[in-house]
Amino acid sequence: MGFARACSVALVGVEGVVVEVQADLEPGVAAFTLVGLPDKSLVESRDRVRAAVVNSGAEWPQKKLTVGLSPASVPKGGSGFDLAVACAVLGAAERIDPASIADVVMIGELGLDGRVRPVRGVLPAVLAAAEAGYRQVVVPEQTAGEAALVPGVSVLGVRSLRQLIAVLADERVPEEPPTDRGRPDSMLAGLMVPGAGLGTGLAPLSADGTAHRPDLADVAGQERARRALEVAAAGGHHLLLSGPPGAGKTMLAERITAILPPLSRQESLEVTAVHSVAGILPPGEPLISRAPYCAPHHSATMQSLVGGGNGLPRPGAVSLAHRGVLFLDEAPEFSGRALDALRQPLESGHVVVARAAGVVRLPARFLMVLAANPCPCGRHTLAGAGCECPPSAVRRYQARLSGPLLDRVDLRVEVEPVGRADLMGSGGRGESSEAVAARVREARERAGERLAGTPWTTNSEVPGHELRTRLVAAPGALMAAERDMERGVLTARGLDRVLRVAWTVADLRGADRPDASDIAVALELRTGIQRGVPMQAGAP
């Protein structure tokens, strides 16, 4: 009797569980049995592995073969177990030393000719293996750079099963011919989900389809909206831009990623892990260092926003925008169920999706930007524009953004139509994204120093109890906010969010703590009621 084991990883959402792949050979009629709660794609690995082993020059054991995936209670799917199954079978057949693969994690799909094809989710799989104490990982050659992002793990990238057998058996490693040049690498097809490329709105596109970074200086006028954008980026505050069509709401939203600071190492790993599982990680760019931008269409379903799909849920738009920006253009046109499903991730920074196949927890800490027209025709706030919407239609349209959702939005700005002087350039060119990004970065650094030693990194994450007890404003600064709360203009959650915005405004002007003017700016940005305070760049 022959027995061997190797290891692989089963992904549940963006979290991984190390799976022990056990192969057992017994005398009897030649058969191949796969047990351990596999899905359809994993059951099909029996034929892929057999053909790959034979075409790699190894002999397939003509005995009763049982392959078990442990723990058997965890659902397992995908083709990433092929490499571990093949090595476990070869170890049981004594083609390779079973001890050499016992503590090696193997991830990869096998082609019928023995080539190792890349799969999605390599980074979260290797992260799970490292957390479980494994230090040796074998992955497809194309994803070796992605796996190498995990510190403390030795990564071996292989091009074929033949090469891996030679390495494990301490034999001469054969040369594998590279793929044909002059055409796309077909081996990379497994990394991308069809239809999930740049066209889904993960990054603003230029005319030739390549990603670019629009500059905030392109926006004509809109000083108040620009300041609100700066505050939102500095503190991670959610933003609502309302105004008539053509005022520049979408243009402003597309430029917020240009003023956000680069992602930290930990944040980059989180974002890369989500994008790797979703199949939208660009080949050749294993680590995402810039804040992502996700702009789903208003016809998106609730499942596409928060996560869903057949079997175990897959990441939705809120997870794809993790540590970045989620822009909902024409927000009132989204379904009520889809918008209300955003309430939980807006508060907690993650989303828990429960389905019959299991419960998945996905990261979802994002900056939400909403854009809305004042009425169905969009001309309700324009003087002499001829809005023909009846008052009932205007009320119904505006009520599509529910009160509980708007209560979680820190900044609400009315975007006015652009004047002729601003549009034709006589008003002067506005500040560039680089200048605004420098102030945002300095404000983030001040907040980071203040919040050092806490689980929070931005002002928008600080709970209200901390703002009222430890991080207090200047004496008498909250009088205006307390009056608004007594009048019913602010809720308890609204007061906490005003305090968070006030801290961000204070950080932008370099103050130690917010005063009455900072609170007034925060109240004006939340309620839209003029408070008589100027909103200048870097200072209220």
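Everything below is about the structure shown above.
These numbers come from a predicted model, not from an experiment.

Caption draft 1: Layout of the packing of aromatic side chains. Throughout the structure, instances matching the rule amount to two aromatic pairs. Consider the rings of F32 and W60, whose centres lie 5.7 Å apart with planes at 40 degrees: the pair is tilted. Highlighted residues: F32 in strand 3 (residues 31–35) and W60 in the loop between helix 2 (45–55) and strand 4 (64–70), separated in sequence by 28 residues. The class for F32 is buried, based on a relative accessible area of 9%.

Caption draft 2: Fine view of the sheet that holds strand 12 (residues 325–328). As summarised here, the arrangement of the five strands in space is 11-12-15-10-16, forming an open sheet in which the pairing is parallel. Edge positions in the sheet fall to strand 11 (293–294) and strand 16 (411–414), since each of these pairs with one other strand and no more. Note that strand 11 and strand 12 share two bridges and pair parallel. In the sheet register, C294 faces strand 12, and the bridge partner there is L326. Packing against the sheet, helix 7 (residues 223–235) makes contact with strand 10 (239–242), strand 15 (367–372) and strand 16, and its axis sits at approximately 165 degrees to strand 16.

Caption draft 3: Region of the structure containing the packing of helix 2 against helix 3 (residues 82–92). Put simply, helix 2 and helix 3 touch, their axes get as near as 10 Å, and they point 60 degrees apart. Comparing the axis directions of helix 2 and helix 3 gives the class oblique. For the element pair helix 2 and helix 3, the recorded crossing hand is right-handed. Mapping the contact onto sequence places S45, R48, V49 and V53 in helix 2 and D82, V85, A86 and L90 in helix 3. For the contact of helix 2 with helix 3, the per-class residue count stands at five nonpolar, one polar and two charged.

Caption draft 4: Region of the structure containing the state of the cysteines. Enumeration according to the criterion identifies zero disulfides in this entry. The closest cysteine sulfur to the non-disulfide-bonded C387 is located on C377, 3.5 Å from its own sulfur. C387 sits in the partly exposed class, given a relative accessible area of 28%.

Caption draft 5: Spatial organisation of a nonpolar patch on the surface. A surface patch of nonpolar side chains, about 200 Å² in accessible area, is lined by L156, V167 and V173. Relative to the helices and strands, L156 resides in strand 9 (residues 154–158).

Caption draft 6: Broad picture of the nonpolar core. The biggest cluster of nonpolar side chains holds 58 residues, and the ones touching the most others in it are L239, I256, V369, I519 and L525. With eight residues, the top contributor of residues to this core is helix 20 (residues 492–508). Discounting chain neighbours no more than four positions away, the residues touching V369 are L239, L241, A253, I256, V325, L326, F327 and L328. If you look at the next biggest cluster of nonpolar residues, it comprises 40 residues, including A6, L25, L69 and A88.

Rules of the game
Residues numbered from 1 in each chain as written. Predicted model: local features only at pLDDT ≥ 70, side-chain atom pairs only at ≥ 80, totals over all residues. Heavy atoms only, no water. Phe/Tyr/Trp six-rings, centres within 6.5 Å; stacked < 30°, edge-to-face > 60°. Helix = DSSP H or I, 4+ residues; strand = E, 2+ residues; numbered from the N terminus. Buried < 20%, exposed > 50% of the residue type's maximum accessible area, 1.4 Å probe, protein only. Pairing = 2+ DSSP bridges. Contact = heavy atoms within 4.5 Å. Axes fitted to C-alpha atoms, helices over the stretch in contact; angles between N-to-C directions. Parallel < 35°, antiparallel > 145°, perpendicular 65-115°, else oblique. Left-handed = near helix turned anticlockwise from the far one by under 90°. Nonpolar A, V, L, I, M, F, W, Y, C, P; charged D, E, K, R; others polar. Disulfide = S-S within 2.5 Å. Patch = residues over 30% accessible without salt bridge, like charges linked within 9 Å, V, L, I, M, F, W, Y side chains within 5 Å. Areas by Shrake-Rupley, 256 points an atom, 1.4 Å probe, with all protein chains shown as cover. Salt bridge = Lys/Arg side-chain N within 4 Å of Asp/Glu carboxyl O. Core = buried A, V, L, I, M, F, W, Y, C linked by side-chain atoms within 4.5 Å.

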